[in-house]
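Below, each chain spelled out in residue letters.
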Amino acid sequence: MTRYSRGEKFPGGWKVLSVEEPRRIELRDYFADADGNPVDSAPESRMTIEFQSVEGGARMVNTSTWASAEDMQKVLDMGVVEGSKSAVSQLDALLAA
């Protein structure tokens, strides 16, 4: 999978670890090279996405966990917060298509 943000490419991948339809999915989230192979030197996280019913719609809760505070800081320094905001802001258009 390649993530895009403002014309930049950010190769990465997900390995599905568990699914509890339709409420929850757990993934291994990792950086990848251009061919989709995991980059061993880059931090990876375990990501849990939960879908909750709320009045008038649904809520998506995304929780990421890293092996260490240092690994988390590496991805924070790489701009993971900005990248995540950019990705989530595209969901409405994607779901409407």
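Definitions and limits used
Every chain's residues receive numbers from 1 upward, in the order its sequence appears when written. Residues qualify for local features only when their pLDDT is at least 70, as the model is predicted, and side-chain atom pairs are given and counted only at 80 or more; totals for whole chains, interfaces and linings, by contrast, use all residues. As a convention, hydrogens and water are excluded, and side-chain values are obtained from all of the structure's heavy atoms. One number per residue, pLDDT, summarises how confident the predictor is, and it ranges from 0 to 100. What counts as a helix is a DSSP run of H or I of at least four residues, what counts as a strand is a run of E of at least two, and both are numbered from the N terminus. The cut-offs for exposure are 20% and 50% of the maximum accessible area for each residue type, with area from a 1.4 Å probe on protein chains only; residues under the lower value are buried, those over the upper are exposed, and the others partly exposed. Residues count as neighbours in contact if any of their non-hydrogen atoms are within 4.5 Å of one another. Surface patches are drawn from residues lacking salt bridges whose relative accessible area is over 30%; two like charges belong together within 9 Å, two nonpolar side chains (Val, Leu, Ile, Met, Phe, Trp, Tyr) within 5 Å. Values of accessible area rely on a 1.4 Å probe in the Shrake-Rupley scheme; residue burial ignores everything except the protein chains shown. Salt bridge, as applied in this entry: a Lys or Arg side-chain nitrogen positioned within 4 Å of an Asp or Glu carboxyl oxygen.

K.L.:
Explain the confidence of the model for the protein to me, please; I cannot follow it from the model alone.
P.N.:
Low pLDDT means the predicted coordinates in that region are not meant to be read closely. On average, the protein scores 86 in pLDDT, and the residues at 70 or more come to 90%. Within the protein, strand β4 (residues 45-54) carries the highest mean pLDDT (95), whereas strand β1 (residues 2-5) carries the lowest (48).

K.L.:
Teacher, can you tell me more about the side chain of T48 here?
P.N.:
Its place among the elements puts T48 in strand β4. By relative accessible area, which is 12% here, T48 ends up buried. T48 has contacts with R24, I25, E26, V61, N62 and T63, leaving out every residue within four places of it along the chain.

K.L.:
Sorry, what's going on with a nonpolar patch on the surface here?
P.N.:
Taken together, the side chains of F51, M60 and V88 make up a nonpolar region of the molecular surface, amounting to roughly 250 Å² of accessible area. Relative to the assigned elements, M60 resides in strand β5 (residues 57-66).

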